[in-house]
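# Commentary on secondary and tertiary structure
So the chains spell out like this:
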Amino acid sequence: QWTKEEMLQAVKDQMPEKRYIHTLGVVQAAKELAGRYGVDPYEAEIAAIFHDYAKFRDESEMVKIIKHTADIPNDLLDYHKELWHAPVGAQLVQKEIGIEHKDILNAIRFHTTGRPGMSLLEKVVCLADYIEPGRKFIGLEEVRELALKDIDRALALALSNTIQFLQQQGQEVYPLTISAYEFLRVGLG
Ligand code: DGI
Ligand code: FE
Ligand code: FE
Ligand code: FE
């Protein structure tokens, strides 16, 4: 139904130029990871295009959507606003763009926190968001190198870096972020 150009334009309309450039970086990184790990490159691309779709929606609209959407936990409202755009984005991409593909919607929904038992597509989008070419985090080069060899180790390190960073900032870490990390770590043995 939608061409790639139309999807990109729909996203571009939602955000400032800087965030759109980030989105293009995530698309590139997600396609590379998809190729490496045998994920459908088309699904990875669509999820990456839309992953930050709701990033600049009004706070009040996001609150409304979280309250009214049965499968978005309301406890998110007790945590940092930065967490809201991921599940709200999945909901809006379904309603406004018409995407019904569950795995794509989950990749958008969990791109910020991760979750235990992530699908490969979810991992690709979450990791791509962290390693895209425009990012500058401490320890990012190590995650980029790991991403070439072992997606689980790379994602575990990315989540661990994020958790450490938030704790250093005195910010509360959402329990799902912790359990996503724990789940991956147990899997690594
Ligand atoms: O939307 P992006 O900036 O591309 O990246 P993102 O969706 O991964 O993360 C947005 C922000 O959310 C980022 O600054 C880190 C923060 N974040 C991730 N997990 C948690 C979190 N913030 C809190 N307070 N708690 C978390 O568990
Ligand atoms: Fe995001
Ligand atoms: Fe709810
Ligand atoms: Fe992002």
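Above this text is the structure in question.
Here goes a summary of the coordinates provided. (Residues numbered from 1 in each chain as written. Chains lettered and ligands numbered in written order. Predicted model: local features only at pLDDT ≥ 70, side-chain atom pairs only at ≥ 80, totals over all residues. Heavy atoms only, no water.)

## Some remarks on the coordination of the iron ion (ligand 4)
Cut-off, in case you're wondering: Only nitrogen, oxygen and sulfur atoms count as donors, using a 2.8 Å cut-off from the metal that widens to 3.2 Å for Na, K and Ca. Water is left out, so coordination shells may look unfilled. A helix here means a DSSP run of H or I that spans at least four residues, while a strand means a run of E at least two residues long, and both kinds are numbered starting from the N terminus. Only protein chains enter the area calculation, which uses a 1.4 Å probe; residues under 20% of their type maximum are buried, those over 50% are exposed, and those in between are partly exposed.
Protein coordination at the iron ion (ligand 4): the donors are His22 (NE2), His51 (NE2), Asp52 (OD) and Asp129 (OD), at 2.2 Å from the metal. In this structure, the iron ion (ligand 4) is positioned 3.5 Å from the iron ion (ligand 2), and both are ligated by Asp52. Of this pair, His22 sits in helix α2 (residues 17-37) while His51 sits in the loop between α3 (41-50) and α4 (59-68); the two residues are 29 residues apart in sequence, bridging distant segments of the chain. Classification of His22 by relative accessible area gives buried; the value is 6%. Judged by its relative accessible area of 0%, His51 is buried.

## Digging into the coordination of the iron ion (ligand 3)
Note the threshold: Geometry is assigned from the angles between donors: four donors with all angles from 85 to 135 degrees make a tetrahedral site, four or six donors whose opposite pairs exceed 155 degrees while the rest stay between 65 and 115 make square planar or octahedral sites respectively, and everything else is labelled irregular.
At 2.2 to 2.7 Å from the iron ion (ligand 3) lie its protein donor atoms, namely Ile66 (O), Thr69 (O), Ile72 (O) and Asn74 (OD1). For the iron ion (ligand 3), the four donor atoms in the first shell make angles of 82 to 164° at the metal, a pattern classed as irregular. Summarised as a motif, the one-chain spacing of the donors to the iron ion (ligand 3) is I-x2-T-x2-I-x1-N. In terms of burial, Thr69 and Ile72 fall into one category: buried.

## Comments concerning the site of ligand 1
Rule in force here: Definition of nearness: a residue and a molecule or strand are near each other if at least one heavy atom of the residue lies within 4 Å of the molecule or strand. Within 3.5 Å is the distance limit for a polar contact, defined as a pair of N or O atoms, with the added protein rule that one can donate a hydrogen and the other accept it, and that residues adjacent in sequence qualify only through two side-chain atoms. Reported accessibility uses the Shrake-Rupley method at a 1.4 Å probe radius. Residues are deemed covered only where the shown protein chains occlude them. A cavity, in this analysis, means grid points on a 1 Å lattice covering only the protein atoms where a 1.4 Å probe fits yet has no way out; a pocket is instead an open set bounded by protein on both sides within 12 Å along at least five of seven lines, and a residue lines either one if it has an atom within 4 Å of a point. A cavity or pocket is said to hold a molecule if more than half of that molecule's atoms lie within 2 Å of its grid points. Here the term charged refers only to Asp, Glu, Lys and Arg, the term nonpolar to Ala, Val, Leu, Ile, Met, Phe, Trp, Tyr, Cys and Pro, and the term polar to all other amino acids, Gly among them.
Around ligand 1 sit 19 residues in total, of which Arg19, Lys55, Thr112, Arg135 and Tyr174 are the nearest. In this structure, Arg19 approaches ligand 1 through a side-chain N or O atom, which is 2.8 Å from an oxygen atom. Within the contact set of ligand 1, an oxygen atom lies 3.0 Å away from a side-chain nitrogen or oxygen of His111. Taking 570 Å² as the accessible area of ligand 1 by itself, protein coverage stands at 84%. In this structure, ligand 1 is accommodated by the largest pocket. Breaking the shell around ligand 1 down by element, the ones donating at least two residues are α2 and α9 (151-168). Broken down by class, the residue content of the shell around ligand 1 amounts to four nonpolar, eight polar and seven charged.

## Here we look at the nonpolar core
Put simply, the rule reads: Among the buried residues, those of types Ala, Val, Leu, Ile, Met, Phe, Trp, Tyr and Cys that are joined through side-chain atoms within 4.5 Å form a nonpolar core. Contacts are assigned to residue pairs that have any heavy atoms within 4.5 Å of one another.
Ranked by internal contacts, the top residues of the largest apolar core, which has 67 residues, are Leu33, Phe50, Val93, Ile99, Leu127, Ile131 and Val143. Looking at which element gives the most residues to this core, the answer is α9, with nine residues. Contacts of Ile99, omitting those with residues within four sequence positions, involve Ile46, Phe50, Val93, Gln94, Ile104 and Leu105.

## Points about the pattern of salt bridges
Quick reminder of the rule: The salt bridge criterion pairs a side-chain nitrogen of Lys or Arg with a carboxyl oxygen of Asp or Glu, the two atoms within 4 Å.
Counted according to the given criterion, the structure contains 14 salt bridges. Among the charged side chains, a salt-bridge network with shared partners connects Lys4, Lys31 and Glu45.

## Some remarks on α2
Put simply, the test is: Expected helix span is computed as 1.5 Å times (number of residues minus one).
In this model α2 runs 30 Å from its N-terminal to its C-terminal C-alpha over 21 residues, within 8% of the 30 Å that 1.5 Å per residue would give. Taken as a whole, α2 has its buried residues at Arg19, Tyr20, His22, Thr23, Gly25, Val26, Val27, Ala29, Ala30, Leu33, Ala34 and Tyr37. In this fold, the buried residues of α2 make contact with α1 (4-12), α3, α7 (120-131), α8 (140-147) and α9. Following α2 by one or two positions, Gly38 has its phi on the positive side, about 75°.

## Considerations on the layout of surface pockets
As a reminder of what qualifies: Grid points are joined across faces, edges and corners, and a volume is the space filled by probe spheres set on the points.
Roughly 970 Å³ of volume is contained in the largest pocket. Together, 32 residues line the largest pocket, and Tyr130, Phe137, Thr162, Phe165 and Leu166 are the ones closest to its centre. Those elements that provide at least two residues to the lining of the largest pocket are α2, α7 and α9. Volume-wise, the second largest pocket comes out at about 290 Å³.

## Things to note about the side chain of His85
Positionally, His85 belongs in helix α5 (residues 85-97). The buried category is assigned to His85, whose relative accessible area is 4%. Separated by 2.8 Å, the side chain of His85 and the backbone oxygen of Glu82 make a polar contact. Look past the residues within four positions of His85 in its chain and what remains in contact with it is His51, Asp52, Ala54, Lys55, Met62, His111 and Thr112.

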